Structure formats: C-alpha cells, structure tokens
Amino acid sequence: MLTNKIFIKKTRLGGVMKIVREHYLRDDISCGSMACVKNCQGLEREPLEESPDSDSSLLRKSHYVIPDTNVVLHQIDVLEDPSIKNVIILQTVLDEIRHRSAPVYKRVTEMISSSQKHFYTYCNEFNMNTYVERKPGESANDRNDRAIRKAVGWYSSHLKDAGVLVVLLTNDMENLKYALSENLTAYTIYDYVKSLSNKTIVDRLANPLNQSISDKNKVIFAEHLGMAEIQKGIRSGKYLQGTILISRENYLEANVSIRDKDQMVFVQGLQNLNRAVNDDVVVIEILPESEWGCPSSMVLAEDEGKDEEDEENRGLNDSEKLIQNKVPLELRQPTGRVVGIVKRNWRQYCGILQPSILKERTRHLFIPAEKRIPKIRIETRQSEALASKRIIVAIDSWPRNSRYPLGHFVRCLGGVGDKDTENEVLLLEHDVPHSNFSEAVLSFLPKMPWTITEEDLKRRRDLRHLDICSVDPPGCTDIDDALHCRSLSNGNFEVGVHIADVSHFIRPGNALDQEAANRGTTVYLTDKRIDMVPDLLSSNLCSLRSGVNRFAFSVLWEMTPQADIISTDFTKSIIDSKASLTYAEAQLKIDDPNASDNLTRSLRGLNQLAKILKKKRLDNGALSLASTEVRFFVDSETNDPIDVQTKELRETNSMVEEFMLLANIAVAEKILKEFPDNALLRRHPSPPVSNFDPLIKAAASKGFKIDVSSGKGLADSLDKAVVPENPYFNTMLRIMTTRCMMQAVYFCSGMLQPMDYLHYGLATPIYTHFTSPIRRYSDIIAHRLLAVSIGADASYPELLEKTKIQSLCNNLNYRHKMAQYAGRASVNLHTHLFFKTRVQDEQGHVLILRKNALQILIPKYGLEGTVFLNDEGQKTSSLFVYDEEMNTQTAGNVTIHVFDPVIVQLSIDRSNVQHMKLSLKLVKPEIPGFSVPSVKDTSALSTQEPVGKSAQKKRKMM
C-alpha cells in the first residue's frame, strides 16, 4: 500500500517549498512474539517470550508492555532493571527518542540488542494496520500519542487468541484517559512499577517536578526565565550564554565560559548560582560593578555531619549567600548571576547516602563523589542495605523551593573503600567507556592465525634486515614505536622511527573504528589500563614486539652528525624488531664500554643525536617543565600498594621522546601541505600573561624575575632561577609553571588561521600526534592522512570534511582530558590505600599559600596535600596571620613563605567516608598549640612487584 507524506519547508530566501514523499505500508511485518498464532513470525526465535511471567499484582495474566515516549525518556533506569522484560518499543517512540536524547537512544538500542531483556522494535509506521495520518490542526505530539494507542490496540487484538495482554505505560494523564476510553489496558508507570513484587525497583522511579517537598510555599531560589525572554535578552546583550564550571575547591563559586567569546564571568553564592549544576548551559546577567567579586582565597572543607532534616529546614547560611564586599578594585572581575537554564547536562552520579538518625524515613540525601555536584534528595527503602555502599543516582529536577535537586536511585556499585568498586567509581565519574567490546566490534578483528601475504610484501618496504628495537617502561605490552640508527657511507646517519600500522587493521566507518573514535584514548590507571582497541590488536598484532614480523608506518631521515636533516621519507613497511628493551636495559647497553654489537651502536647513535636535537629545541625556546609522576610497588598476593616512589628518568627516556617529537613534527608538515583544510593537528595556545601571576609572585619572593613575554624568555628565566641551598626550588618553579599552561588541544587546520597553529610548550609552529596509534585515535587519523599523501591508501569522504574532523577533535579533547583526570584519581586512590595503615613524617615544601591553608609538595612521593590552619577549613585560624601582599603566614615568631621546607606528618583522614583523604599535619617548624609531635615511620614492606602508570606507558611530552 502506498501513501504520501507531505511537508512544508521554508527556504533560505524566505519562500515556501512543498515536499511530497512516498510512504510504503506493508501487512507482513512480524509482531515479534513467540506466542503469535497467526504465523507472522519473521525469525526462528522471536525476542518476545511465548509465556512471559507476570510479576504485577495489577495483571495476573502474561503480558507485554508498550511504553510511550516520555516513559522511555524519563524512566530509562526503570526499563534497564533486570526484572523488566518483554517490552515493545514502537518505531514512533524510537524515532522521537533519537531526536530528543542521544544517550537514552543508545541505552534503548543496547537493551533491544540484549537477548536477556527480550525487547522488540516494532515498525508501526510502516504497517498498514497501525499507521495513522496526522489530522488537520493536530499537533505532532498528539498524532504520535494516537499512533501509539493505535499500535497498542492492534497488538491487543492480534495476540488475543494467544492469551497475552498488551499494556500501555504512560505518565500523560490525557493519553491515559483516551487509552481507557478506547478499552485499552493502560496504567501509569508509577502504578505499574509499584505493583511489581520487586519492591527495590520503586527506588529507580524518576518523578520530574512531582516529588513532594516539605514546604511548597518556601522559596529559596529565583524563578528561571522562559526561553522567549532569554532569547530576547541575549539578542539585546542584556544576558550572556555559556557553560558553568563549578570550582573544585569551593562549591559556592563558579566561572561561566561565555559562548563565542574569550571571556569568563565569575558567579558566587548559591542564590546567584540559582540551581545551576556543573556543565549546564546557563544564561547569566552581569551584576553592577559595585557587586563584583573575586574567587576566595579559602579552601572549603566538606560538611557532611549535619542531619538532613536540619539542612532542609534552615535557610541558606551566610557563606552560601555570599557576595564578597570590600573587594579591592584591582582584584574585582566581572561577576554575574544565573537567570535561566538553556540545557541541563546532568548525568548519573556516584556517591553515598548521608547517614540519617531517623532510620524509618524513606527520603535521604545523596552525597556525590564529585565535589562540584550538590547533594541530591532521593527516596529509597533500602537505606540500611545501602549504608557504606557506593551507589549511582540520577537527577530528575530542581524546584525553586528545594535546597537540593531531586533524583532517584539507579544502582549499587559495592562497598566504600573496596578497590574494584572505587576503580569503577572513578571510571564512571570521568566518563571513561570501559565496557567489554561488543560482538559487532570484535567481528572486524583479523581472523587468527594472521599471516603476512605476498600481496602485503609487494605493497610495503621490507625493513626486516635493520637493527630495530623498542625502548619502553617495564611490563609494557602495547608497544607502538621502535627506532633504529645506522651509519651511511657518506658519514651521515640513517635514522628511522617505526610506528605500529594500526590503520591497516582498523578501516574507516566500521564498528571497530567507531568504537575507537568514541573511546579516543587508552586510559592508564595505576593497576590496569582501559584499551582503546581490543587486546588482539593492542598487545599482539599491532604491538611491535621483538622476534615477529609486524606492519609499521616508518619515518626515515638522513641526518648529519650535527643532527641536521638532509632528507625525510615516509613509507609503509614490514619490520622485525631485534629487541624489546626497557629504558634501564637500553641505558645499560649504551653505558657498557664492552658492548659493541650493532644494536648497541644503533642506540648510541640515537642517544648522541637526541642530545643535539634536545639542545636545539631548548635553544629555540621549548619549555622543560616538571610534574610529579609516581610508581607503586604492590604486594604480590593482595595487590595492595606497599611502597611508592617518584619515577626515575634516564637519558633513554629523553632519547625516545626526542625522536617521537621529531616524527610528529615531520608528519604534521607533510599532512598540512597535502591537506591544508582538514589536517588533524595539535596546538598549545600561549597562556594569558595573567596566568603567570602566581609564578611571578612566588619567584619574586626569592629575588628572581620571570620573563613571560615569550616562551624563550620564560625558559631562560627558569634556567637562571636556582637556589644552591635548596636544590628542589627550581623543580617547584617548573611544577608551578606547568600549572600556568593552557591545555594542548587537537584541531582541524581549516578551522584556524596558521598563526594559531603554534605549540607553545614545544616552540614549534606546527605539531600533531602520529607516534601512538595503539592508544590515541588522533594518531590513526594522522596515519590515514599521511597514507593518502604518499599514495599508500585511499581517502574517504569524512576524512576530507573539516567540520567532521573538528567534531572528532572536540571528542578527542574531552576524552584526553577525562583520561588525565582518571589517571590522577587512580594515583590518589592507591596513595590512600598505601597510607591506610601508616603514619609517618616526611620532608615537604610549601608550594602554595592560601588564606586558611598551606599546599605542601612531598618530593619523595610526588604527592601534594593540604595543611589546614584550623580544624574546619572554613576560616583563618586565630594562631595565623595571613599577609596577602607578602604572601606569608605568620604564627608568633614563625613566618612561613612559599618554597619553605617543612616536616609534615602523613596519615589517612577517615572522618569523611565519602572522601577519605591524605591528612597532612605540621611537625616542623614547631608552632606551639598547632604542630604535632614527630612519629616513627609505621610502614612495613613485603615482596615488591612494581606496577603503575610508569610501568604501562611512556612519558609523552604535551
């Protein structure tokens, strides 16, 4: 049967275009039920069970359920519960969800593909028995509701003889009324879920805007403006739109990154934040200059001790209403207040329930692990079972008469403090995709046993005769680079960087490629790694292990002994690595005077040239910065950390790094020349001069002047800032400099002017990532661009569209940032496990002085911690006097400056179950009434086995 769909479309020039599309209707679409007696099955085994068990007190008969669009959108957590099965998702519903919420659409499609859930998609829009035309004057929403009811009616009559009911679930009262008037079986999702024997599923119900609040007449927050008023205000310039970023150190403060402008607006106090949650797209109004403020110099400690009843009934306290007064003019910055929300970017949050003194209550406060997220009020009947458990909660709404957003319980992860649970939490909190690779992804892997064919040999340069080796951390299995160096007859050197040819195995557009693009990067935790690509590739076929033939993408240079480049060549190759060395093993070969084999000579040549390359790079203004990287030693049986130390860097670390940088620059120049509008590059923007204020102030306290007018000036200033009696001073300055830097980001060349391509830290006008395709998707794109450039592979449309390349870059930047945060969180977790049974004194240095705290760096462990100058961490202690101009803290006759050496006592603070943290207490200098007495180191070591980030990946600069 043929019908037509007619659309009226407005053209760019203001005209009207009528579009007519043919719409074919069929009568042979399967109902998807094994119970069907009308022989319409399309598959041998249909998804919907023949005799589904009824778990509902409302319906004793076997039944299937059909949810409407709003039920799927708002109650997706309920639908994901294992007890919800045999659900029919109509095409009408699925199409609406795809347009309204991509995350929910993905979750629905995953349930449909799960054989355990028994979900079925029914194409009601193409069945002549269920298709409905939109009536004149009828809204699209009303038409879709009618289409859903029509499909429910058809299913009910179609399966009547099979003895299976079909139930409509809706929260729309009008839709429910119409359904009942049409003699359909229909219930609200609330009534249906509450009728199930599994009572815990009730906790997963979302109640947007309907959840009861103790005092509905109480108004805490201003009303949000409507979209019409917001749009009018943005056009007139009265309001500004941007993304709100809550401070990690003070939840009462935030900055709004204004859209399309290089501008940040400060927001302070809960009332001015006006129910905005971190990452929401908000609309703000700039306050009068007399009300402008600046970020507080205080660090707010967490407050979890109050009972929720007290918190709900009291008003906002002074600090929560805070608008700073008497802020000096020179410190004021543009300050605003949130007047509306354009888009909520809520997600699911990990955390714990706040303990309650009233055991019988069902309303509880949930405390997120992410300090920037407010507490969330939920209803649960499982509070006793969930005590001391990590759980996941989703936000549903935040009414203006509630102190907290309202949400619902999703699921329990495990016990607080359990290492596996805490690893799961940090992966979820940093949005790291870590589920097992799907069957669709794995289906695109090479079939084993994999062999190199004669055709492969014809298309690649055979470099198996060269003395190639890899140099990596111990335990590294994802080896994506190898090197060689040999002397030429003319006195020059041939140097090669050989990179795993991952793009040979991952072809554009397939499921494997899409999964790698979404993950963006391999994530390295202290005790595990989350691979970007399946293990068969990352640790086997792509890994450049020794003694096996492997595909590579090689960059070959002819260099003079002075490291001047004569020529550069790019080629797809086949290599056979002669050795997989650790940094220590390579260093031993270089330093061994008795070693003179080809491999050792190759390493010495590489090391000699790398030193010259590094000097040239630093002379050109490249920065040599510092960061704290640690490695853990674990008990061989329990896998708990038993020792921690800073990472040791050798000449071979620098050797590998220099040639990786050289290869990345060479590839960047090549692909930009061939693809000026769509090359994927990496830039490191020059930091605003204001970013360096803390560094300049800290260096000045020791009599040094830091030149920040250029990268070269900064590098030279840092080289000169040396205090002989404090050898760690220069390292601390470089750590502070690292924190002044902007984030390096990927971008598409066609989106920026060439002057903006600069990589500030490396002092190079152009840069990309090419050398780690096993663990970075950006490198796979660089490989594809380079392959097309040299005629080694064919192009494809997405590779040539700059908007799609930039969209990909945006995701890569996000994934890269989240991977860094997850790595740091993993180090913090293992630090807490290490100090769990220890109390010990260690030498430290004051890195940052705050109004109520000292930020201390512990060189031995590469750790940082905070010494609060009072118990609460809320106000300055009466013992200490903070001089903001001189940047000092004084107690009696003791004055503490930035960079001063101190002795601190390290232990774990267990007072906060949610965030057990490293506690630092001052031992020396001795301050009566504040310092604690020294203790002996309580640590006890056993069999050591090193693991950690440094044992799993190379240090890659920028």
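Structural data are supplied above this passage.
Quick look at the structure, then. (Residues numbered from 1 in each chain as written. Predicted model: local features only at pLDDT ≥ 70, side-chain atom pairs only at ≥ 80, totals over all residues. Heavy atoms only, no water.)

Across its full length, the protein chain carries 24 helices and 39 strands. Taking all 958 residues of the protein chain together, 53% fall into the buried category. Here the contacts in the protein chain between residues at least 6 apart in sequence split such that 69% fall between residues at least 24 apart. Total accessible area computed for the protein chain in this model is approximately 43,700 Å², and 50% of it derives from carbon and sulfur atoms. (Helix = DSSP H or I, 4+ residues; strand = E, 2+ residues; numbered from the N terminus. Buried < 20%, exposed > 50% of the residue type's maximum accessible area, 1.4 Å probe, protein only. Contact = heavy atoms within 4.5 Å. Areas by Shrake-Rupley, 256 points an atom, 1.4 Å probe, with all protein chains shown as cover.)

Backbone-to-backbone hydrogen bonds pair the strands of a sheet. The strands run either parallel or antiparallel. Strand order in the open sheet formed by five strands is β33-β32-β31-β37-β38, with antiparallel pairing between adjacent strands. A single partner strand is all that each edge strand has here, and the edge strands are β33 (863-868) and β38 (917-924). Ignoring strand direction, the axes of neighbouring strands in this sheet form an average angle of 45°. One ladder, built from four bridges, connects strand β31 (residues 840-849) with strand β32 (residues 853-858); its direction is antiparallel. Of the residues in β32, the one forming a bridge with I848 is Q855. (Pairing = 2+ DSSP bridges. Axes fitted to C-alpha atoms, helices over the stretch in contact; angles between N-to-C directions.)

Glancing now at the packing of helix α21 (residues 711-720) against helix α22 (residues 729-740). α22 packs onto α21 with a crossing angle of 155° between their chain directions and a minimal axis gap of 9 Å. By the angle between their axes, α21 is roughly antiparallel relative to α22. Of the residues in α22, those touching α21 at L714, L718 and D719 are N730, L733, R734 and T737. Of the residues assigned to the contact of α21 with α22, the class counts are three nonpolar, two polar and two charged. (Parallel < 35°, antiparallel > 145°, perpendicular 65-115°, else oblique. Nonpolar A, V, L, I, M, F, W, Y, C, P; charged D, E, K, R; others polar.)

Next up on the list: the packing of helix α15 (residues 511-519) against helix α24 (residues 802-834). Closest axis-to-axis distance for the α15/α24 pair is 8 Å, and the angle between their directions is 55°. Classed by the angle they form, the pair α15 and α24 counts as oblique. The segment α15 lies against α24, with A517, N518 and R519 engaging L808, N811, L812 and R815. For the contact of α15 with α24, the class distribution of residues is three nonpolar, two polar and two charged.

Glancing now at the environment of P446. With respect to the secondary-structure elements, P446 resides in the loop between α13 (439-442) and α14 (454-459). In this structure, P446 is in contact with F505, L536, L537 and L541, ignoring residues within four places of it in sequence.

With that settled, consider the sheet that holds strand β8 (residues 239-246). The five strands are arranged β10-β9-β8-β11-β12 in an open sheet whose pairing can be described as antiparallel. Strand pairing shows two members of the sheet lacking a second neighbour, β10 (264-268) and β12 (336-343), which therefore form its edges. Adjacent strand axes in the sheet meet at a mean angle of 40° when their direction is disregarded. As defined by bridge partners, β8 adjoins strand β11 (residues 281-286) across five bridges and the pair is classed as antiparallel. When the sheet's bridge partners are listed, Q241 is paired in β11 with V283. Packing of helix α8 (residues 227-236) onto the sheet brings it into contact with β8, β11 and β12, and relative to β8 it is tilted by some 105°.

As a further point, take unusual backbone geometry. A cis amide bond links M448 to the next residue, P449, at an omega of 0°. By secondary structure assignment, the location of P449 is in the loop between α13 and α14. Here the amide bond leading from K924 into P925 is cis, since omega sits at 5°, within 30 degrees of zero. With respect to the helices and strands, the residue P925 is situated in the loop between β38 and β39 (944-947). Even without being a glycine, D279 presents a positive backbone phi close to 80°. Mapping D279 onto the fold places it in the loop between α9 (270-273) and β11. Taking relative accessible area as the criterion, D279 reaches 36% and is therefore assigned partly exposed.

Our next topic: the pairing of β11. Among the six residues of β11, five are classified as buried, and the element is accordingly described as predominantly covered. Bridging between β11 and β12 involves six bridges; their strand directions are antiparallel. If you follow I284 over to β12, its bridge partner there is V338.

A few words on the packing of aromatic side chains. This structure, assessed with the given rule, holds 13 aromatic pairs. Ring geometry for Y122 against Y155: centres 5.1 Å apart, planes inclined by 70°, an arrangement best described as edge-to-face. Taken as a pair, Y122 in strand β5 (residues 119-122) and Y155 in helix α5 (residues 140-158) lie far apart in primary sequence, 33 residues in all. Accessibility assignment for this pair places Y122 and Y155 in one class, buried. On the numbers, 5.3 Å between centres and 45° between planes, the contact of F747 with Y757 is tilted. (Phe/Tyr/Trp six-rings, centres within 6.5 Å; stacked < 30°, edge-to-face > 60°.)

Bringing the pattern of salt bridges into the picture now. This model, assessed by the stated rule, comprises 42 salt bridges. Among the ionic pairs, D431 bridges to R815, the shortest N-O distance being 3.5 Å. Of this pair, D431 sits in the loop between α12 (419-429) and α13 while R815 is found in helix α24, placing the two residues 384 residues apart along the sequence. R815 sits in the buried class, given a relative accessible area of 10%. Here R529 and D531 are joined by a salt bridge, their closest N and O atoms 2.6 Å apart. The two residues R529 and D531 agree in class, both being buried. It is possible to trace a salt-bridge network through shared partners that takes in D77, E80 and R107. (Salt bridge = Lys/Arg side-chain N within 4 Å of Asp/Glu carboxyl O.)

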